[in-house]
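Coordinate analysis (summary)
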Amino acid sequence: MKPKINTLVAPPRWIKRPYHREWLMQQANNLFDYFQYRSINPKGGFYEFDKHGKPTGGDNPVRGIHTTTRMVHCMAIGHLLGRPGCDDLMDHGMNYLWEHHRDKQHGGYFWQVDNDGPCGEPTKQAYGHAFVLLAASSAKFAGHPLADAMIADVTEVINTRFWEDKHGAVAEEFETDWTPVPGYRGQNCNMHMTEALMEAYEVTGDVEYLTKAKRIAELIIKKHATACEYRVAEHFTEDWKVDYNYSGNEMFRPSGTTPGHWLEWTRLLLQLYTLTGRSHEWMPKAARELFVSAFKFGWDFEKRGIFYTLDWNNQPKNRAKLWWPHAEGIGATHFLTAHFGEDMHMYAYRKQWSFIANHLLDHENGGWHEELSEDLVPQATLFPGKSDIYHALQACLIPLYPAVGSLPEMIFRDVKQP
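What comes next is a walk through the structure. (Residues numbered from 1 in each chain as written. Predicted model: local features only at pLDDT ≥ 70, side-chain atom pairs only at ≥ 80, totals over all residues. Heavy atoms only, no water.)

A closer look at the overall build of the protein
Each helix and strand counted, the protein has 13 helices and 15 strands in total. For 418 residues, the compact-globule formula gives about 22 Å, and the C-alpha radius of gyration of the protein, at 20 Å, lands near that figure. Every one of the 418 residues in the protein was classed for burial, and the buried ones make up 60%. A sequence separation of at least 24 residues applies to 66% of the contacts in the protein between residues at least 6 apart. Split by element, the accessible area of the protein, about 17100 Å² in all, is 50% carbon and sulfur. (Helix = DSSP H or I, 4+ residues; strand = E, 2+ residues; numbered from the N terminus. Rg over C-alpha atoms; globule rule 2.2 N^0.38 Å. Buried < 20%, exposed > 50% of the residue type's maximum accessible area, 1.4 Å probe, protein only. Contact = heavy atoms within 4.5 Å. Areas by Shrake-Rupley, 256 points an atom, 1.4 Å probe, with all protein chains shown as cover.)

A short note on the side chain of S373
Within the element layout of this structure, S373 appears in the loop between strand 14 (371-372) and strand 15 (385-386). Filtering out sequence-adjacent residues up to four positions away, S373 remains in contact with R319, K321 and Q379.

Topic: the packing of aromatic side chains
Per the stated rule, a full pass over the model turns up 22 aromatic pairs. Aromatic side chains F162 and F174 sit 5.3 Å apart centroid to centroid with 85° between the ring planes, which places their arrangement in the edge-to-face category. With a gap of 12 residues between them, F162 in helix 5 (residues 147-162) and F174 in strand 8 (residues 173-174) connect regions that are remote in the sequence. Summarising the burial analysis for this pair, F162 and F174 share the class buried. (Phe/Tyr/Trp six-rings, centres within 6.5 Å; stacked < 30°, edge-to-face > 60°.)

Remarks on the sheet that holds strand 2 (residues 63-64)
Reading across from one edge, 2-3-4 is the order of the 3 strands in this open sheet, with antiparallel pairing throughout. Of all strands in the sheet, those with a lone pairing partner are strand 2 and strand 4 (117-118), marking the two edges. The pairing of strand 2 with strand 3 (residues 112-114) spans 2 bridges and is classified as antiparallel. Bridging across to strand 3, G64 finds its partner in Q112. Each of strand 2 and strand 3 touches helix 3 (residues 86-101); the most contacted strand, strand 3, lies at about 95° to it. (Pairing = 2+ DSSP bridges. Axes fitted to C-alpha atoms, helices over the stretch in contact; angles between N-to-C directions.)

Re the packing of helix 2 (residues 65-81) against helix 12 (residues 390-397)
With their axes 10 Å apart at the nearest point, helix 2 and helix 12 run at an angle of 30° to one another. On the basis of their axis angle, the class for helix 2 and helix 12 is roughly parallel. Judged by the twist between their axes, the crossing of helix 2 over helix 12 is left-handed. Where helix 2 approaches helix 12, its residues R70, H73, C74, I77 and L81 are matched on the opposing element by Y390, H391, L393, Q394 and L397. Looking at the contact of helix 2 with helix 12 residue by residue, the classes come out as 6 nonpolar, 3 polar and 1 charged. (Parallel < 35°, antiparallel > 145°, perpendicular 65-115°, else oblique. Left-handed = near helix turned anticlockwise from the far one by under 90°. Nonpolar A, V, L, I, M, F, W, Y, C, P; charged D, E, K, R; others polar.)

Some remarks on the nonpolar core
By size, the foremost hydrophobic cluster in this structure holds 134 residues, and its most contacted members are I221, W265, L269 and W368. Here this core gets 11 residues from one element, more than from any other, and that element is helix 4 (residues 126-141). Sequence-distant contacts of L269, that is, excluding residues within four places in its chain, are made with A217, I221, W282, M283, A286, A287 and L290. (Core = buried A, V, L, I, M, F, W, Y, C linked by side-chain atoms within 4.5 Å.)

A short note on helix 4
If you check helix 4, its first and last C-alpha atoms are 23 Å apart, about what 16 residues at 1.5 Å a residue would give, namely 22 Å. The element helix 4 is largely enclosed, with a buried count of 15 among its 16 residues. Downstream of helix 4 by one or two residues, G143 has phi in the positive range, about 80°. (Expected span 1.5 Å × (residues − 1).)

Looking at the environment of F383
Secondary-structure assignment places F383 in the loop between strand 14 and strand 15. For F383, a relative accessible area of 9% gives the class buried. Sequence separation between F383 and I65 is 318 residues; the distance between their C-alpha atoms is 16 Å. Sequence-distant contacts of F383, that is, excluding residues within four places in its chain, are made with M251, L322, W323, E370 and E371.

Points about the pattern of salt bridges
Proximity of charged atoms lets side chains of opposite charge pair with each other. Overall, the coordinates contain 23 salt bridges when judged by the stated rule. A salt bridge links K241 to D239, with the shortest nitrogen-to-oxygen separation between them at 3.1 Å. Look at D239 and you get partly exposed, because its relative accessible area is 42%. Taken together, the shared-partner salt bridges connect E164, R185 and E238 into one network. (Salt bridge = Lys/Arg side-chain N within 4 Å of Asp/Glu carboxyl O.)

Quick notes on unusual backbone geometry
One non-glycine residue, E229, adopts positive backbone phi at about 60°. At R278, a position not held by glycine, the phi torsion is positive, near 55°. Tracing the sequence through the fold places R278 in the loop between helix 8 (259-275) and helix 9 (282-298).

Some details on the environment of L322
Counting through the fold element by element, L322 comes out in strand 13 (residues 321-322). The spacing of L322 and L360 is 38 residues in sequence and 8.6 Å in space, taken between C-alpha atoms. Not counting residues up to four positions away in its chain, the partners in contact with L322 are I306, Y308, E370, E371, L382 and F383.

Here's the deal with the side chain of H20
Considering the arrangement of structural elements, one finds H20 in helix 1 (residues 18-36). Under the relative-accessibility criterion, H20 is labelled buried at 7%. Leave out the neighbours within four places in its chain, and H20 touches W14, I15, Y349 and W353.

Notes on the state of the cysteines
For the structure on display, the rule yields 0 disulfides. With no disulfide of its own, C189 has C228 as its nearest cysteine by sulfur position, at a separation of 17 Å. For C189, a relative accessible area of 1% translates into the label buried. (Disulfide = S-S within 2.5 Å.)

Remarks on the environment of R278
For R278, a relative accessible area of 42% translates into the label partly exposed. Residues R278 and A294, spaced 16 residues apart in sequence, show a C-alpha to C-alpha distance of 24 Å. When near neighbours in sequence (up to four residues on either side) are disregarded, R278 contacts Y273, H339 and V404.

Here it is in structure tokens:
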């Protein structure tokens, strides 16, 4: 008897399957359930959690601006979807940004605050201001009354303090009184600024946001990533020369290269390509090449998962497997499949969701494990618990919508349909 020949040529397109779409929404609801009902700190801002879901930081926890803004962004998404109660958290976060993170004396927004005011490193960082713009833009989609004032306020700060027109990118960091912190320029804050600028353009129609987003992408990707064989350089000198030997904060400025950011740029470039009228062919080409590089060098073919960082010889540097690169890989492969229709992108999409389901979802305590060892054992060397809904929630919801814009824009369009 002849063996049966497998005639299945292409892997199934999960994104269009009703069961998979229901599963994605259930995962999103699980995240909302985990964060929505335990996050509000009655003294202002939001709690972060340990691996068991208990608040960290004692009676006076530090509130990082990235935590506050990302919660606003995600609760605005929940409100747009029609999830009851998300509007209260969005309002709580918007008021905390306006009344506590915002520097009423010098302008701008503090990186960290606690019950007593600015704390730790009370600097003004481009990374944080990018997320203020993102949160305010999402809140505007959701109709929050503070959104317009916050968009105008943070836009003025970005334009007058951070934006360096001669380079087409933002500076990294300033002291409280806007004294420059010299010696460093980074791609991470500029990547997230690109994300925020595109959403601000979508919600306001102001083309200047889109122009700035395109200029950042031209610097970071068209100029530098292309020259680095489609690997995204993270660290630069003040005049935007690649600093190959930089060693800094392992969470926000890790040394080497970070393949998760190559995947993040994949999605952002395809969004930017669409918003700019599909007139810049270098953008989809770069998106495809970044995806290939991320999996060629970043994927652990022996034990599975994406390494956190690589050295410039494409060898693993930090071998941990974090949640956010896999979440960004979902968005990247959804956009790639929608734009190019190639089966290898959907294959990568399926493999990543299988990895997330088997290793990153915390089936015992809820939420996602934010860090695994090389051997896929939950650990906490960089991230102490579960502090962030942003990456995971977007991974669950982005595949449910057309791959042409930001998630709030796509949900808003869907709601507006007759």
